[in-house]
2 protein chains.
Amino acid sequence: MAAELLALYGYWRSSAVYRVRIALNLKGLHYETRPVHLLRDGGEQHGEAYRALNPQQLIPCLRDGERVITQSMAIMEYLEETVPEPPLLPADARSRARVRALALAVACDIHPLGNLRVLQYLEGRLGAGEAQKLAWSRHWIETGFDALEAMLEGNSATGRYCHGDTPGLADACLVPQVYNALRWQLPMDRWPTIARIHAACNELEAFQEAMPERQPDAP
Amino acid sequence: MAAELLALYGYWRSSAVYRVRIALNLKGLHYETRPVHLLRDGGEQHGEAYRALNPQQLIPCLRDGERVITQSMAIMEYLEETVPEPPLLPADARSRARVRALALAVACDIHPLGNLRVLQYLEGRLGAGEAQKLAWSRHWIETGFDALEAMLEGNSATGRYCHGDTPGLADACLVPQVYNALRWQLPMDRWPTIARIHAACNELEAFQEAMPERQPDAP
């Protein structure tokens, strides 16, 4: 794979793209950033050029030579299969399931509810104001983080990171969701284990370089 | 794994549990059904007994002997790794990524928005009436199925099922979502490829036996 062009299509502040940047960095892979502006011209993800790459009109999407891979979780599993070292998942099936469950607790149960298109629907079709949208966003993060904290805290498999002392798939999902929670000014002291893991991850260059503000399309 | 007790905790009508039933049936695995009633007593998933198994308080969860696996997508990947035959994923990385992306287009982008807890919030906190909740549910299925239809239709990898002529992970996610769409009386003729694959899947015993109405806790 390394010989081919690797390009990530996304938007600097998108959680799902942020995840993939972390995974690419953890793998030590170099890639080009191809910005897709979610707000310009009604959303560049709906434009003809991007739809030809990803008919789902969502970000991210990864080009690996002629291959186009969509869906952040599928992209990370693809990276894991094509570039096995360093691994994003542990070796045994039980541990792999735990890490995937932690990742999916973010990717399926928190993030989809706080998406831009969902907030746009709440405002446009249900007349939700700013305070109601904020309460909505916070509610799903709080519910999800309460669950994640319970899954992490007191489980002997939890280490410096979500699973042991090696950062991986679950951390790549958790850190962007904490970034999002901080944006909505949620006090993280309610979830000490999540906050601790978030801080540990952000000491690593792979996570630092993936931060939204460091991306070429950040304002 | 086959020697151990395999038990699936869930609710007959839950899409996420329905997926796992299909996967277990496709693998030819026998399992016990452990009903968790989502509506009784404020939701049995929030009760002490179930929380001890799954602190996330969501279904499904699979017991494999002493192991407890949560999150439907993680459970299916776990089954794939522990019982490789027959496979739910194709062999090559590019095709595996396609199947996972199709599955995740349901699991991340449609299903989380139509969940019971989300509809409860819309009603209880945003004052949405029946018509508004129905419009919401339909909107996210329509948006998601438009995307899925575009991903499936005209892609040479699509066969009798979502990927080729063997049913797998993407079909296990798609069929429960179509079941849900039919419950909301969405006319499926807008998505001919999805409708065709749905019909093909439901000719198979693995899918028939997974149907909600056939479960022991169905009314």
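Residues numbered from 1 in each chain as written. Chains lettered and ligands numbered in written order. Predicted model: local features only at pLDDT ≥ 70, side-chain atom pairs only at ≥ 80, totals over all residues. Heavy atoms only, no water.

### A closer look at the overall build of chain A
Moving on, step 1. The number of helices and strands found in chain A is 10 helices and 4 strands.
Moving on, step 2. The linear arrangement of helices and strands in chain A, starting from the amino end, is β-α-β-α-β-β-α-α-α-α-α-α-α-α.
Moving on, step 3. Projected onto its principal axes, the C-alpha positions of chain A cover 50 × 50 × 30 Å.
Moving on, step 4. The buried share among the 219 residues of chain A stands at 59%. (Helix = DSSP H or I, 4+ residues; strand = E, 2+ residues; numbered from the N terminus. Buried < 20%, exposed > 50% of the residue type's maximum accessible area, 1.4 Å probe, protein only.)

### Description of the sheet that holds strand E1 (residues 6-10) of chain A
Two modes of strand pairing occur in sheets, parallel and antiparallel, and in both the strands are linked by backbone hydrogen bonds.
All names here are of chain A.
Moving on, step 1. One open sheet holds the 4 strands; their spatial order is E2-E1-E3-E4, and the pairing between them is mixed. Whereas interior strands pair on both sides, the edge strands pair on one side only; in this sheet they are strand E2 (32-35) and strand E4 (67-70). The sheet shows a mean angle of 20° between the axes of neighbouring strands, direction not considered.
Moving on, step 2. When E1 meets strand E3 (residues 61-64), the two strands line up antiparallel, connected through 4 bridges. Bridge pairing links Leu 6 to Asp 64 in E3.
Moving on, step 3. Helix H1 (residues 15-26) rests against E1 and E3 of the sheet, and its axis sits at about 160° to E1. (Pairing = 2+ DSSP bridges. Axes fitted to C-alpha atoms, helices over the stretch in contact; angles between N-to-C directions. Contact = heavy atoms within 4.5 Å.)

### Notes on the relation of the copies chain B and chain A
Moving on, step 1. Least-squares fitting of chain B to chain A yields an RMSD of 0.0 Å, with the superposition described by an axial translation of 0.0 Å and a rotation of 180°. On the angle and the small slide along the axis, the relation comes out as a two-fold axis. Minimal C-alpha separation from the rotation axis in chain B is found for Cys108(B), amounting to 2.4 Å.
Moving on, step 2. A share of 100% of the interface residues of chain B reappears at the interface of chain A, consistent with the copies meeting face to face through the same patch. (Least-squares fit on C-alpha atoms with pLDDT ≥ 70 in both.)

### Some details on helix H7 (residues 130-152) of chain A
Residue and element names in this part refer to chain A.
Moving on, step 1. Look at H7: 32 Å from first C-alpha to last across 23 residues, which is about the 33 Å you get at 1.5 Å a residue.
Moving on, step 2. Among the residues of H7, those classed as buried are Lys 133, Trp 136, Ser 137, Trp 140, Ile 141, Gly 144, Phe 145, Ala 147, Leu 148, Glu 149, Met 151 and Leu 152.
Moving on, step 3. Following H7 by one or two positions, Gly 154 has its phi on the positive side, about 75°. (Expected span 1.5 Å × (residues − 1).)

### Considering the nonpolar core
Across soluble globular proteins, you tend to see nonpolar side chains buried next to one another.
Moving on, step 1. Counting residues in hydrophobic clusters, the biggest one holds 164 residues, and the most contacted among them are Trp136(A), Phe145(A), Leu148(A), Trp136(B), Phe145(B) and Leu148(B).
Moving on, step 2. Apart from residues lying up to four places away in sequence, Leu148(B) is in contact with Leu102(B), Ala105(B), Val106(B), Ile110(B), Leu174(B) and Ile194(B). (Core = buried A, V, L, I, M, F, W, Y, C linked by side-chain atoms within 4.5 Å.)

### Focus on the pattern of salt bridges
Moving on, step 1. Counting across every chain of the model gives 24 salt bridges over all chains.
Moving on, step 2. Of the charged contacts in the structure, one is a salt bridge between Glu81(B) and Arg100(A), with a shortest N-O distance of 3.1 Å. Of this pair, Glu81(B) sits in helix H3 (residues 72-82) while Arg100(A) sits in helix H4 (residues 93-107), which puts the two residues in different chains.
Moving on, step 3. One connected set of salt bridges, linked through shared partners, spans Glu77(A), Glu81(A), Arg96(A), Arg100(A), Glu77(B), Glu81(B), Arg96(B) and Arg100(B). (Salt bridge = Lys/Arg side-chain N within 4 Å of Asp/Glu carboxyl O.)

### Some details on the domain arrangement of chain A
Note: interface size is frequently given as the accessible area lost on complex formation between the parts.
All names here are of chain A.
Moving on, step 1. Domain boundaries assigned for chain A yield domain 1 (6-86) and domain 2 (93-207).
Moving on, step 2. For domain 1 and domain 2, the distance between their C-alpha centres works out to 20 Å.
Moving on, step 3. Contacts between the two partners involve 15 residues from domain 1, matched on the other side by 21 residues from domain 2.
Moving on, step 4. Between domain 1 and domain 2, a total of about 1700 Å² is buried, with carbon and sulfur atoms accounting for 67% of that surface.
Moving on, step 5. Taken together, the connections running from domain 1 to domain 2 amount to 1 salt bridge.
Moving on, step 6. Put simply, Arg 100 and Glu 77 hold a salt bridge, and the shortest N to O gap is 2.6 Å.
Moving on, step 7. Across the domain 1-domain 2 interface, the total number found is 4 residue pairs in polar contact (both at pLDDT 80 or more).
Moving on, step 8. The element contributing the most residues to the side of domain 1 that touches domain 2 is H1, with 7 residues.
Moving on, step 9. Among the residues making up the side of domain 1 that touches domain 2, the classes are represented as 10 nonpolar, 2 polar and 3 charged. (Domains from an automatic or database assignment. Buried area = accessible area lost by both parts, 1.4 Å probe. Polar contact = N/O pair within 3.5 Å; in protein donor to acceptor, adjacent residues only side chain to side chain. Nonpolar A, V, L, I, M, F, W, Y, C, P; charged D, E, K, R; others polar.)

### Some thoughts on the sheet that holds strand E1 (residues 6-10) of chain B
Residues and elements named next belong to chain B.
Moving on, step 1. Ordered by their spatial adjacency, 4 strands build an open sheet running E2-E1-E3-E4, and the pairing between neighbours is mixed. The open sheet has two free edges, formed respectively by strand E2 (32-35) and strand E4 (67-70), since each of these has just one partner strand. Direction aside, the axes of adjacent strands within the sheet are offset by 20° on average.

### So, the packing of helix H6 (residues 116-126) of chain A against H7(A)
Residues and elements named next belong to chain A.
Moving on, step 1. Contact pair H6 / H7: the axes reach a minimum separation of 10 Å and the direction vectors enclose 140°. On the basis of the axis angle, H6 is oblique to H7. Crossing geometry of H6 relative to H7 is assigned as right-handed. Of H7, the residues touching H6 (which contributes Val 118, Leu 119, Leu 122 and Glu 123) are Glu 130, Lys 133, Trp 136 and Ser 137.
Moving on, step 2. Residue composition of the contact of H6 with H7, grouped by class: 4 nonpolar, 1 polar and 3 charged. (Parallel < 35°, antiparallel > 145°, perpendicular 65-115°, else oblique. Left-handed = near helix turned anticlockwise from the far one by under 90°.)

### A few points about the UniProt feature "domain: GST N-terminal" (unreviewed entry) in chain A
Moving on, step 1. Within this numbering scheme, the UniProt entry marks residues 4-87 of chain A as carrying the feature "domain: GST N-terminal" (unreviewed entry).
Moving on, step 2. This span, residues 4-87 of chain A, is 35% helix and 20% strand, and a straight line between its end C-alpha atoms measures 21 Å. (UniProt positions renumbered as here; feature names shortened; annotations may be inferred.)

### Examining the pairing of E3(A)
Residue and element names in this part refer to chain A.
Moving on, step 1. Note: E3 against E4, 4 bridges, orientation antiparallel. Looking across to E4, one finds that Cys 61 is bridged to Thr 70.
Moving on, step 2. Counting the residues that bridge the hairpin from E3 to E4 gives 2 residues, and of these Gly 65 lies at a positive phi of roughly 65°.

### Some remarks on the interface of chain B and chain A
Moving on, step 1. The interface is formed by 42 residues belonging to chain B together with 42 residues belonging to chain A.
Moving on, step 2. Summing the contributions of chain B and of chain A, the shared interface buries around 3900 Å²; its carbon and sulfur component is 66%.
Moving on, step 3. Only E4, H3, helix H4 (93-107), helix H5 (111-114), helix H6 (116-126) and helix H7 (130-152) of chain B provide two or more residues apiece to the side of chain B that touches chain A.
Moving on, step 4. Considered class by class, the residues forming the side of chain B that touches chain A number 26 nonpolar, 7 polar and 9 charged.

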